[in-house]
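Summary of structural features
As a plain string of letters, each chain reads:
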Protein chains: 2
Amino acid sequence: MARSRHSDALRAAQMYYLQDLTMDAIARELRTSRSTVSRLLSSARETGLVQVQIRSPFETGPELESQIRNQYGVDVHVVPVLDTLNEAETLDRVAMQAARTIGPLVDSNAIIGVAWGATLSAVSRHLTRKVTHDSIVVQLNGAGNMQTTGITYASDIMRRFGSAYGARVEQFPVPAFFDHASTKTAMWNERSVQRILDLQARMSIAIFGVGSVDSDYPSHVYAGGYLDEMDLNKLAADDVVGDVATVFFRSDGSSDGITLNERSTGPSHEQLRQVRRRICVVSGASKINGLQGALAAGLATDLILDEASARRLVSFNGHA
Amino acid sequence: MARSRHSDALRAAQMYYLQDLTMDAIARELRTSRSTVSRLLSSARETGLVQVQIRSPFETGPELESQIRNQYGVDVHVVPVLDTLNEAETLDRVAMQAARTIGPLVDSNAIIGVAWGATLSAVSRHLTRKVTHDSIVVQLNGAGNMQTTGITYASDIMRRFGSAYGARVEQFPVPAFFDHASTKTAMWNERSVQRILDLQARMSIAIFGVGSVDSDYPSHVYAGGYLDEMDLNKLAADDVVGDVATVFFRSDGSSDGITLNERSTGPSHEQLRQVRRRICVVSGASKINGLQGALAAGLATDLILDEASARRLVSFNGHA
DNA sequence: TTCCTTACTGCACGTTTGTGCAAATAGCTT
DNA sequence: AAGCTATTTGCACAAACGTGCAGTAAGGAA
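For every chain, the first residue of its written sequence is number 1, and the numbers climb from 1 along that sequence. The naming scheme follows written order: chains are lettered A onward, ligands numbered 1 onward. The predicted origin of the model limits local features to residues at a pLDDT of at least 70 and limits the giving and counting of side-chain atom pairs to 80 or more, whereas totals for whole chains, interfaces and linings rest on all residues. The basis for every side-chain value is the complete set of heavy atoms in the structure, and neither hydrogens nor water enter the calculation.

**Some points on the nonpolar core**
Where a protein is soluble and globular, its nonpolar side chains tend to be buried together. Which entries qualify depends on this criterion: As used in this record, nonpolar core signifies buried Ala, Val, Leu, Ile, Met, Phe, Trp, Tyr and Cys residues forming a set joined through side-chain atoms within 4.5 Å. Burial classification: accessible surface area is computed with a 1.4 Å probe over protein chains only, and a residue below 20% of its type maximum counts as buried, one above 50% as exposed, and the rest as partly exposed. Note on definitions: a residue-residue contact is assigned when non-hydrogen atoms from the two residues lie within 4.5 Å.
Judged by nonpolar contacts, the single largest core of 43 residues is most densely connected at I68, F208, V244, L291, L303, L305 and L313 of chain A. If we skip the residues at most four places from it in the chain, L291 of chain A touches V210, C280, V282, L303, L305 and L313 of chain A. Membership of the second largest hydrophobic core comes to 42 residues, among which are V76, V138, L197 and L272 of chain B.

**Considering the protein's contact with DNA strand D**
Cut-off, in case you're wondering: We call a residue near a given molecule or strand whenever any one of its heavy atoms falls within 4 Å of it. Definition of a polar contact: a pair of N or O atoms within 3.5 Å, with one able to donate and the other able to accept a hydrogen when the atoms are protein atoms, and with sequence-neighbouring residues admitted only if both atoms are side-chain atoms. Working definition: helices are DSSP H or I runs of at least four residues, strands are E runs of at least two. Numbering for both runs from the N terminus.
Close contacts around DNA strand D come from 15 residues, with S33 of chain A together with Y16, M23, R34 and S38 of chain B the closest. Here, DNA strand D places atoms within 4 Å of the protein, and 44% of those atoms are sugar or phosphate. The side chain of T32 of chain A places a nitrogen or oxygen atom 2.9 Å from a phosphate oxygen of DNA strand D. Where the surface near DNA strand D is concerned, the elements lending two or more residues are α3 (34-46) of chain A together with α3 (34-46) of chain B. Among the elements that take part in the surface near DNA strand D, α3 of chain B stands out by supplying 5 residues, more than any other.

**Some thoughts on the interface of chain A and chain B**
Inclusion rule: A 1.4 Å probe defines the accessible area here, and the buried area is the portion of it lost by two parts on being joined, summed over both. Just to be clear on terms, a salt bridge is a Lys or Arg side-chain nitrogen sitting within 4 Å of an Asp or Glu carboxyl oxygen.
Each side of the interface is counted separately: chain A has 40 residues, and chain B has 41 residues. Where chain A abuts chain B, roughly 4,100 Å² becomes buried across the two surfaces, and 53% of that area is made up of carbon and sulfur atoms. Sorting the residues of chain A by area buried against chain B places L18, I54 and R55 of chain A first, and these three jointly supply 17% of that buried surface. Inspection of the region where chain A meets chain B yields 6 salt bridges. For the salt bridge of R93 of chain A with E29 of chain B, the shortest nitrogen-to-oxygen distance reads 2.5 Å. Our count for the contact surface shared by chain A and chain B stands at 18 residue pairs in polar contact (both at pLDDT 80 or more). Looking at the side of chain A that touches chain B, the elements with two or more residues in it are α1 (2-18), β1 (50-54), β2 (75-79) and α5 (87-102) of chain A.

**A closer look at the pattern of salt bridges**
Where charged atoms from two side chains of opposite charge approach closely, those side chains can pair. Applying the stated criterion to the full structure yields 21 salt bridges over all chains. A salt bridge links R159 of chain A to D156 of chain A; the nearest nitrogen and oxygen atoms lie 3.3 Å apart. Of the two residues, R159 of chain A and D156 of chain A both sit in helix α7 (residues 151-165), 3 residues apart, roughly one turn of that helix. Using a relative accessible area of 29% as the deciding quantity, one classes D156 of chain A as partly exposed. Through salt bridges with shared partners, one network takes in R11 of chain A together with E307 and R311 of chain B.

**Things to note about the relation of the copies chain A and chain B**
Where we set the bar: We superpose the copies by least squares over the C-alpha atoms of residues that have a pLDDT of at least 70 in both of them.
At an RMSD of 0.1 Å, chain A and chain B line up after a rotation of 180° and a shift of 0.0 Å along the axis. Expressed as an axis order, the relation between the two copies is that of a two-fold axis. For chain A, the smallest separation between a C-alpha atom and the rotation axis is recorded for V52 of chain A, amounting to 2.2 Å. Most of the interface of chain A is mirrored in chain B, where 100% of its interface residues again form contacts.

As structure tokens, then:
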């Protein structure tokens, strides 16, 4: 029976983590084999029954973190990685740690806004389960583009978030950018769209990466058929350095007069800043410019990034 | 340098618990040996840098817990132990789990009231370290008796609490019971005593066991030279079933008219009930009667006890 | 400098833990 | 009941881990 399985996992977890017994001893008490106990414990970790937290007492923690914390006023988690790892490995490690960091922040009745992109995709693959009630995962911005509807890619991300937290998933079935601002206006009056916008307005957590215009490894937005050449030229002319959820900004955080934003489906920066917890995940030193702009715009309350980027971010501001 | 040691421990902990690397891999990244990493991780756990939490989603948890929760309105943690273990082993396991359960509740600026006794002694030996600021550990009741000052015994407990949480320790250098109520009145007007009483009045957490009159394994209070035969007779005549911090109560939780309480140095039940978190630790089925009285008196907000006792507590009330 | 004390490191060994695989069991369908 | 599929279990082996011990480095006193 599934009932006893769950409660066995609980007992095993208590004995293992709280009483420091060996799996062997636990197996004897539960009258089962040691390997079953090993699996019970795995599933206990997997389902979020056991939560490992690292509370970095930041008065003594690495000064990198407190430096960033002070400069930008965000709660920062630096992920230690060797500088020699390649982008993909780094992303994987950052994503894994981001997923575990996000876990404790998610709670029942949360409305979780989720963007899409390579970073979020990686994060979504490492989420640890956690039981919550009446939570909702809502897509922050449309994912359709000129070639595909982009739906499957973004919806995979959303689905993983939803199933990790037992939350209802609300997709946003619109393109990333409209061709005409007037179409957006029209759509924004549709009740089906308003339902999503209403959820977004009530978000308690938002999770996103950043796009950076000059990334070596350009974000999907800049390379994936979402924008045509004219759009890209206009972005350059407007001094855009990056985006969050397909809404663009300049290095100083400003975004006034960037016309492309009028056709974008992501939440305005003003709206985003209303959200209580705004978690930004960044991996890869090439995103520095975008990240700097996003921080200047005050888009994040929590920042999770790799050590190399953290270093560059500090020196970036240091001699700027 | 101690600096790099601490931050290595942090990095190692992040890599081990958040990125799922093996100690071997971490050792290579930190350019040290695997055994050093093992030790770094031990110290990270030891110092509370890593915190393992088990969040029992009680809608599906063992019904024992929710039954007690509903009957007595306390937050309960049942410690799984085989019924066949002896008292000492059970106490040890309960104490270990109690210590880990208490950890997350202790915070900076806390004033922690601590009683003494076999249970608290065991708990104090298993506390996990946690860095806090400006916390104070204050002794709940005097420990002197007719034969000894009881100071070393109780003060060991206090000292362990203090050093685990980096808290200042405030002992209460009075006997457990005065011979004359008038002496107590006099002492209670002394400024040195008032300083302690003032701290007690501002406690945010209180931690105590229960004494049970008919325990097979009688509490120190009933056997240790604290009370003479006349006192014990009077307790029996008053229908006393147990005590918390040397303040007695009856099975229904009442304590009016128990004259011995006028000579006791522990906090009155009324005062104790003012404390936000009141954590009661109980091990051993023979304490059921005392525990039942303590719960009836509403002395605890949190209860940590072994499974066998939990079962007896439920059936006790079931056919009562 | 030399000697002493203390704390840390890596090795080697025994213990503990994860996991592929085959057997067993449970759940369903016909 | 039989037959099928999907899980779950225990075994056995390899991988990962903890710890006593001896060697080494880092301070401190004479």
